[in-house]
Amino acid sequence: TCALPICAPGNAKSSIEATGTVTVRSTSLESSNNNGRFDVLAVGDVLIEDSNLTVGPPASGGDLLLIECTATSPKCTVTVSGSELKSRHLTVNGVGDVTVSRSKLVTSSPIDFIRITSTMGDVDLGAGGGGGQSDCCGMGGGGGNDFVSGNEGNLYVLAFGRIDLS
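Conventions we followed
- Residues numbered from 1 in each chain as written.
- Predicted model: local features only at pLDDT ≥ 70, side-chain atom pairs only at ≥ 80, totals over all residues.
- Heavy atoms only, no water.
- Pairing = 2+ DSSP bridges.
- Helix = DSSP H or I, 4+ residues; strand = E, 2+ residues; numbered from the N terminus.
- Disulfide = S-S within 2.5 Å.
- Buried < 20%, exposed > 50% of the residue type's maximum accessible area, 1.4 Å probe, protein only.
- Axes fitted to C-alpha atoms, helices over the stretch in contact; angles between N-to-C directions.
- Contact = heavy atoms within 4.5 Å.
- Polar contact = N/O pair within 3.5 Å; in protein donor to acceptor, adjacent residues only side chain to side chain.

S.K.: Is there a simple way to explain the sheet that holds strand β15 (residues 123-124) in this structure?
M.R.: Within the open sheet, the six strands sit side by side as β3-β6-β9-β12-β15-β18. Their pairing is parallel. The open sheet has two free edges, formed respectively by β3 (22-25) and β18 (163-164), since each of these has just one partner strand. As judged from the two bridges shared by β15 and β18, these two strands associate in the parallel manner. Bridge pairing in β18 places Asp124 opposite Asp164.

S.K.: Would you explain the state of the cysteines in this entry?
M.R.: Each disulfide is one covalent bond, formed between the sulfur atoms of two cysteines. Counting across every chain of the model gives one disulfide. At a sulfur-sulfur separation of 2.1 Å, the disulfide partner of Cys69 is Cys76. Since a negative S-S torsion denotes a left-handed disulfide, the Cys69-Cys76 link at about 85° is right-handed. Residue classification places Cys69 among the buried residues on the basis of a relative accessible area of 2%. On the accessibility criterion, Cys76 (1% relative accessible area) is buried.

S.K.: Would you explain the sheet that holds strand β2 (residues 14-18) in this entry?
M.R.: The strands making up a sheet associate through hydrogen bonds between their backbones, and the pairing can be parallel or antiparallel. Spatial strand order, β2-β5-β8-β11-β14-β17: six strands in an open sheet with parallel pairing. Taken across any chain shown, the strands that pair with only one partner, and hence form the sheet edges, are β2 and β17 (154-159). Neighbour-to-neighbour, the strand axes of this sheet turn through a mean angle of 0°, independent of strand direction. Bridging between strand β11 (residues 89-94) and strand β14 (residues 113-118) involves six bridges; their strand directions are parallel. Bridge assignment links Leu90 to a residue of β14, and that residue is Ile114.

S.K.: Would you take a moment to explain the environment of Phe113 for this structure?
M.R.: Positionally, Phe113 belongs in strand β14. Judged by relative accessible area, which is 19%, Phe113 ranks as buried. Sequence separation of Phe113 and Val148 is 35 residues, and the distance between their C-alpha atoms is 9.9 Å. Residues in contact with Phe113, not counting those within four places in the same chain, are Arg88, His89, Leu90, Thr91, Thr107, Asn154 and Tyr156.

S.K.: How should I be thinking about the pairing of strand β9 (residues 78-81) in this particular structure?
M.R.: On a regular strand, each side chain points to the face opposite its neighbour's, so the side chains alternate between the two faces of the sheet. As paired elements, strand β6 (residues 46-49) and β9 share four bridges and run parallel to each other. Paired with Glu49 across the bridge in β9 is Ser81. Pairing analysis gives four bridges linking β9 to strand β12 (residues 98-101), with the strands arranged parallel. Considered in β12, the bridge of Val78 is made with Val98.

S.K.: For this particular structure, what's the right way to read the side chain of Ser103?
M.R.: If you trace the backbone, Ser103 turns up in the loop between β12 and β13 (104-106). Take Ser103: its relative accessible area is 3%, and that puts it in the buried class. In this structure the side chain of Ser103 is engaged in a polar contact, spanning 3.1 Å, whose partner is the backbone nitrogen of Ser83. Setting aside residues no more than four positions away along its own chain, Ser103 makes contact with Val80, Ser81, Gly82, Ser83, Gly144, Asn145 and Asp146.

In short, the description is geometric, and any link to function would need to be established separately.
Now the structure itself:
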């Protein structure tokens, strides 16, 4: 049972797919299957703002939360702001810039990972309060992010351009 605005308790993969942009603002999305998967796919930009996206129950963390954009001209962007993303495997792929600010990314063992990739742009994990007030991981008092994983957790950040963890 789910008490969220959009919930997929079944066994199949859940997905939101658009040939344009995807905007998830002030909402909650959940795929509650133990081995569940939730894909948020767009050709254009993806914006996730002030929202919660969860795959699987807290104990197992489900399987995969995939957030991805694929347009190359112009280069699409992925922005996650003020949100919480939870899954065993969490992948964020963008062609252009990928920005995560004021957000919490949570994975659960066993063998969990967070992978953030920009194939033709920058990855900015320090974008928060602006004006020098941002920090990547919540340590400097700015608008930072929290990355939380299990005892077997891995974090991969890959970019064609720069990676900002400030």
